[in-house]
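# Inside the fold
One letter stands for each residue in the lines below.
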Number of protein chains: 2
Amino acid sequence: MAAAVNSSINYKAGGNGDDHVEQVRNQQVLARDYISAIPEESDMYFNTSTIKLKVPAGEEFKGSVLLKNLYLSCDPYTRGVKQSDSATTKQDRIVFFSPDSPIVGYGVSKVVDSQHPEFKAGDLVWGITKWEEYTLITNMESFFKINHTDVPLSYYTGLLGMPGMTAYAGFYEVCNPKKGEYVYISSAFGAVGQIVGQFAKLMGCYVVGSAGSQEKVDKLKNKFGFDEAFNYKEEPDLNAALKRYFPEGIDIYFENVGGKMLDAVLLNMRLHGRIAVCGMISQYNYEQHEGITNLMHLIYKRIRMEGFFVFDFYHLYPKFLDLVVPYIKEGKITYVEDIVEGLENGPASLVRLFSGRNAGKGVVAVARE
Amino acid sequence: MAAAVNSSINYKAGGNGDDHVEQVRNQQVLARDYISAIPEESDMYFNTSTIKLKVPAGEEFKGSVLLKNLYLSCDPYTRGVKQSDSATTKQDRIVFFSPDSPIVGYGVSKVVDSQHPEFKAGDLVWGITKWEEYTLITNMESFFKINHTDVPLSYYTGLLGMPGMTAYAGFYEVCNPKKGEYVYISSAFGAVGQIVGQFAKLMGCYVVGSAGSQEKVDKLKNKFGFDEAFNYKEEPDLNAALKRYFPEGIDIYFENVGGKMLDAVLLNMRLHGRIAVCGMISQYNYEQHEGITNLMHLIYKRIRMEGFFVFDFYHLYPKFLDLVVPYIKEGKITYVEDIVEGLENGPASLVRLFSGRNAGKGVVAVARE
């Protein structure tokens, strides 16, 4: 999947007999280089190329699809891969920033032309596309056809897309939750955390989230229905904070941050607790990661700690939709988007995500149809 | 279970109408105090008391059993509980050393008298008893009746007892192994590690173990059938050592040591690897545990890391016997014991275990019948 998306097929090459096809402008957001940390606006630049609105002829484009991108997703994993990590793990990860190539990321798109038997012009899809107006995808493996169009299409970058599926897989499949259990979510105001918390409430769990500002804490409690929430930046003793919110201990920890928070959580887990490791955002920019010293509690409390990637769970997507689409229609899930209009505002939106100043799921509306 | 074993019932109290019952010598090994690290001989002392060979009369002894102890087990967990750990976990753990009380540990015993409907005089049992000649057990919950007596009875302190069940539960139940997988076992010469390695070989896995001396390494390879083994003390770079023995990476890590070894293993795990956390012996005596810095790999490789206690798996004991007793009779499992004769040699045997100088499973033969 990654290889296909990142391949630099020169699909503007002529001589394919499609000279009569309309050639249109294709505005793009390109990366200057690989990045090693969180992206800055100066890591990206704009380019205006042209593209023919047709999949090129030739055997090598059998299975290819030309997409018009409608919504692009700003996600926290859209960042650099540390050299030390990439050495051992590159093959498993998507490179979002490659020199002079469009940024890679999830998006919602409309099929303009197709040489793929399962996709036809006019179909709506979501999957891993690029930050440009039109994208030729040579391997459609990452794409899902959108069948439910009676919900906002932009939701397929979040609640009904990868973040929603991540929340679903991590909570239901990895954590194996039961009614009445005590659930803690770090980085709870993030796209995934918000959804996990609401899934847990709908299941009848007690849910506490942490976030990095009083505004987010208030929203978690008042808007997203968390039982409690706290600002981790104002807690000098995380262990004490967790003991305050979980006097009985934690059954399920949805891990998004790592570091000191994980160490404090380990001290507060209950017997047979589960930790779904979705991310460790506090560690991404450390050259030397913070050491976790309380892993002995994995034994004392017979804890299962499991890292997961949403990719391994996409076969459950139809089951996920059966659960979540009714929740949306019945108003049982709260979902907030922070949509900016136009690809030209994309880089700023992506950078804002990492500053913690986003007001909801970051989405770039490239075209409304 | 722990509470029952550690309760200080004064079963020598008179006035129970059993004055005609034979009163015999009961030699005991007592602890001077709680201990906070590995035991030394000076932490223990001998005492000779007397005991009536009959469960006392009275309602409170319904369900009690008087045992003659035959074999006592020297196990690596027979050590102190750190104050910082015990604060949160005491309720889940057995206290082996309590002031002026017999050492608590696993053993093989014969029922002398019983007020329990499921046990009768002459039955052979194994479970958590005390370091003395005779022990009154008021709660038989930890005991299993021994039905297979055509194998050495002392095996029920090891291969057919708690260490064997630990190996079985950790390998088959927690690790979910498959034929052909790459298995690494730290502290592989220990009572549990030896058995795990042989289970893995019998399943068709590639098995490498580490130990702390060349002699143990040689035995792992030549006597216990490991594919490879190495002396971790002679590897300045554990990551490089693991890469040498596992060029394709590790599917299953049976964790007995923690610390730097765990950190190196995390760098070498394969996709969807499993880590069964049985112990972290390298960390038991540290006031401040070593920090683990490579947990990000739990995500990169979608690794499941799970702490377990054998207690949670004892319902599988019959299934375990069905597997292992035939292996023993067919000579498919190698098992070595280091038996000392007499309770008076017990303390030295227990202390030797922690020095790494044990030649096999440490057993104290208190009585041969």
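This text follows the structure it describes.
Residues numbered from 1 in each chain as written. Chains lettered and ligands numbered in written order. Predicted model: local features only at pLDDT ≥ 70, side-chain atom pairs only at ≥ 80, totals over all residues. Heavy atoms only, no water.

### Focus: the interface of chain A and chain B
Put simply, the rule reads: Contacts are residue-level and defined by heavy atoms, with any inter-residue pair within 4.5 Å sufficient. The quantity reported as buried area is the accessible area (1.4 Å probe) lost by two parts once they are put together, taken as the sum for both. For salt bridges, the criterion is a side-chain nitrogen of Lys or Arg within 4 Å of an Asp or Glu carboxyl oxygen. Within 3.5 Å is the distance limit for a polar contact, defined as a pair of N or O atoms, with the added protein rule that one can donate a hydrogen and the other accept it, and that residues adjacent in sequence qualify only through two side-chain atoms. Secondary structure counts use DSSP, requiring at least four H or I residues in a row for a helix and at least two E residues in a row for a strand, with both numbered from the N terminus.
In this assembly, 38 residues from chain A lie in contact with 38 residues from chain B. Contact between chain A and chain B buries roughly 3300 Å² in total, counting both sides, with carbon and sulfur atoms accounting for 64%. When residues of chain A are sorted by the area they lose upon contact with chain B, Ile-299, Tyr-300 and Arg-302 of chain A head the list and together hold 20% of the total. Joining chain A to chain B, the criterion identifies two salt bridges. The partner of Arg-302 of chain A in a salt bridge is Asp-312 of chain B, and the shortest N-O contact between them spans 2.8 Å. Applying the counting criterion to the chain A and chain B interface returns six residue pairs in polar contact (both at pLDDT 80 or more). Counting residues per element, the ones that place at least two in the side of chain A that touches chain B are α2 (83-89), β12 (269-277), α8 (296-300) and β13 (304-307) of chain A.

### A closer look at the packing of aromatic side chains
Residues and elements named next belong to chain B. Note the threshold: Pairing of aromatic rings covers Phe, Tyr and Trp, the last counted by its six-membered ring, and requires centre-to-centre distances within 6.5 Å; plane angles under 30 degrees mean stacked, over 60 mean edge-to-face, and any other angle means tilted. Throughout this description, buried means an accessible area under 20% of the type-specific maximum (1.4 Å probe, protein chains only), exposed means over 50%, and partly exposed covers the range between.
Inspection of every chain in the model, using the stated rule, returns 46 aromatic pairs over all chains. Seen from their ring centres, Phe-144 and Tyr-317 are 4.6 Å apart, and the 45° between their planes marks the pair as tilted. Of this pair, Phe-144 sits in strand β7 (residues 144-145) while Tyr-317 sits in helix α9 (residues 317-329), and the two are 173 residues apart along the sequence. Considered together, Phe-144 and Tyr-317 belong to a single accessibility category, that of buried residues. Look at Phe-254 and Phe-308: their rings are 6.1 Å apart centre to centre, the planes differ by 70°, and that puts the pair in the edge-to-face class. Here Phe-254 is found in strand β11 (residues 250-255), whereas its partner Phe-308 is found in the loop between β13 (304-307) and α9, with 54 residues between them in sequence.

### Focus on the environment of Ala-31 of chain A
Residue and element names in this part refer to chain A. Among the secondary structure elements, Ala-31 is positioned in strand β1 (residues 23-31). Under the relative-accessibility criterion, Ala-31 is labelled buried at 0%. Expressed as a C-alpha distance, the spacing of Ala-31 and Met-44, which sit 13 residues apart in the sequence, is 4.6 Å. Discounting chain neighbours no more than four positions away, the residues touching Ala-31 are Asp-43, Tyr-45, Phe-97, Ser-98, Pro-99, Asp-100, Ser-101 and Ile-103.

### Overview of the sheet that holds β13 of chain B
Put simply, the rule reads: When DSSP finds at least two bridges between two strands, those strands are taken to pair. What counts as an axis is a line fitted to C-alpha atoms, over the stretch in contact for a helix, and the angles between N-to-C directions run from 0 to 180 degrees.
As summarised here, the arrangement of the 12 strands in space is β10(A)-β9(A)-β8(A)-β11(A)-β12(A)-β13(A)-β13(B)-β12(B)-β11(B)-β8(B)-β9(B)-β10(B), forming an open sheet in which the pairing is mixed. The open sheet is flanked by β10 (228-231) of chain A together with β10 (228-231) of chain B, the only strands paired with a single partner. Neighbouring strand axes in the sheet, compared pairwise and without regard to direction, differ in orientation by 15° on average. Sheet topology note: the strand β9 (residues 206-211) of chain B/β10 of chain B ladder contains four bridges and is parallel. Residue pairing in the sheet places Ala-211 of chain B in a bridge with Asn-231 of chain B of β10 of chain B. Sitting on the sheet, helix α4 (residues 191-203) of chain A is in contact with β8 (182-185), β9 (206-211) and β11 (250-255) of chain A, with an inclination near 170° to β8 of chain A. Sheet strands touched by helix α6 (residues 238-245) of chain B: β8 (182-185), β9, β10 and β11 of chain B. Its angle to β10 of chain B, the strand with the most contacts, is close to 165°.

### Considering the side chain of Arg-304 of chain A
Examined against the element boundaries, Arg-304 of chain A turns out to sit in strand β13. Overall, the relative accessible area of 17% leaves Arg-304 of chain A in the buried class. In terms of polar contacts, Arg-304 of chain A uses its side chain to reach the backbone carbonyl oxygen of Val-174 of chain A, at 2.7 Å. Sequence-distant contacts of Arg-304 of chain A, defined by excluding residues within four places in its chain, comprise Val-174, Cys-175, Asn-176, Gly-273, Arg-274 and Ile-275 of chain A together with Arg-304, Met-305 and Glu-306 of chain B.

### Quick look at the packing of helix α3 (residues 162-174) of chain A against helix α9 (residues 317-329) of chain A
All names here are of chain A. Quick note on the threshold: The labels follow the angle: roughly parallel below 35 degrees, roughly antiparallel above 145, roughly perpendicular from 65 to 115, and oblique for the rest. All residues other than Ala, Val, Leu, Ile, Met, Phe, Trp, Tyr, Cys, Pro, Asp, Glu, Lys and Arg, Gly among them, are scored as polar; the first ten of these are nonpolar and the last four charged.
Between α3 and α9, the shortest axis-to-axis distance is 11 Å and the interhelical angle comes to 95°. Judged on the interaxial angle alone, α9 and α3 are roughly perpendicular. Along the contact surface, α3 presents Gly-164, Met-165, Tyr-168, Tyr-172 and Glu-173, while α9 presents Tyr-317, Lys-319, Phe-320 and Leu-323. Taken together, the residues that form the contact of α3 with α9 break down as six nonpolar, one polar and two charged.

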